[in-house]
Amino acid sequence: GVEGEATYYVGGGFSTYANASYNRARQDSNGLQLAKVPDKTAALGLIYNRGPWYASLIGKYIGSNFGAIDTKNNNTPVYQIPSSTIVNAAVNYTVESAGMLPHGTKVGVQVFNLFNNTKINSYAGSTGNGIPLFYTTAGRSVMVNFSVPFQ
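Reading the values: the criteria
- Positions within a chain are numbered from 1, following the residues in the order the chain's sequence is written.
- Residues qualify for local features only when their pLDDT is at least 70, as the model is predicted, and side-chain atom pairs are given and counted only at 80 or more; totals for whole chains, interfaces and linings, by contrast, use all residues.
- Only hydrogens and water are set aside; all other atoms, that is, all heavy atoms of the structure, feed into the side-chain values.
- Each helix is a run of DSSP H or I of at least 4 residues and each strand a run of E of at least 2, with the numbering of both proceeding from the N terminus.
- We call a residue buried when its accessible area falls under 20% of the maximum for its residue type, exposed when it is over 50%, and partly exposed in between, using a 1.4 Å probe and counting protein chains only.
- Pairs of N or O atoms are called polar contacts if they sit within 3.5 Å, as long as, within protein, a hydrogen donor faces a hydrogen acceptor (for residues adjacent in sequence, only side-chain-to-side-chain pairs).
- Note on contacts: a residue pair is in contact if any heavy atoms of the two residues lie within 4.5 Å.
- In short, DSSP must find at least two bridges between two strands for them to pair.
- Any Lys or Arg side-chain nitrogen located within 4 Å of an Asp or Glu carboxyl oxygen qualifies as a salt bridge.

Student: I'd like a description of the side chain of Gln-33, backed by residues and values.
Tutor: By secondary structure assignment, the location of Gln-33 is in the loop between β2 (14–22) and β3 (40–50). Accessibility expressed as a relative area gives 8% for Gln-33, which makes it buried. Within the structure, the side chain of Gln-33 is placed 3.4 Å from the backbone oxygen of Asn-23, a separation counted as a polar contact. A polar contact is formed between the side chain of Gln-33 and the backbone oxygen of Val-37, at a distance of 3.2 Å. Residues contacting Gln-33, with those up to four places away along its chain left out, are Asn-23, Arg-24, Ala-25, Arg-26, Gln-27, Pro-38, Asp-39 and Ile-69.

Student: Got a sec to walk through the environment of Asn-30? Specific residues and values, please.
Tutor: Mapped onto the fold, Asn-30 is located in the loop between β2 and β3. Overall, Asn-30 belongs to the partly exposed group, its relative accessible area being 31%. Measuring from C-alpha to C-alpha, the distance between Asn-30 and Asn-75 comes to 7.7 Å, with 45 residues separating the pair along the chain.

Student: Help me get a handle on the pairing of strand β1 (residues 2–11), residues and values and all.
Tutor: With respect to burial, β1 is a largely exposed element, only 0 of its 10 residues being buried. As judged from the 9 bridges shared by β1 and β2, these two strands associate in the antiparallel manner. Looking at the pairing, Thr-7 lines up with Tyr-17 of β2. The turn linking β1 back onto β2 is made up of 2 residues, and Gly-12 within it adopts a positive phi angle of 65°.

Student: How would you sum up the pattern of salt bridges? Please name residues and give values.
Tutor: One pass over the full model with this rule turns up 1 salt bridge. Between Lys-40 and Asp-39 there is a salt bridge whose closest N-O contact spans 3.1 Å. On the basis of relative accessibility, which here comes to 21%, the residue Asp-39 falls in the partly exposed class.

Set out below in structure tokens:
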């Protein structure tokens, strides 16, 4: 495979971020893509970092893949997992001086899976009766953070 990544400073505290990969992980026996290995991934984002403020909005794309290889049926790929994109956002503020709080205290909020994409993202195995089980992407979540440095 091949992967590339770049961050470009636009100006005024703004940067763009991009990452992309092409993955070729093939079985020796039949040349098919290995299970649970996406054929491509990518990320694209906007980052703001100026003074006490930091913010980001980054989307991550995971290409389609197969959940498993059926070894009883001529190593045939089964359970195609569709591609999906997850977008995360964050805003943080670093306190420069706030009386009792030490310099470097941070407060922020992060939103994971901003658009609540809950697609199937991987094959989890099968029950004893052979019924396939799948994992889905966790729904939207929000985390508020407050950190105080020890000096």
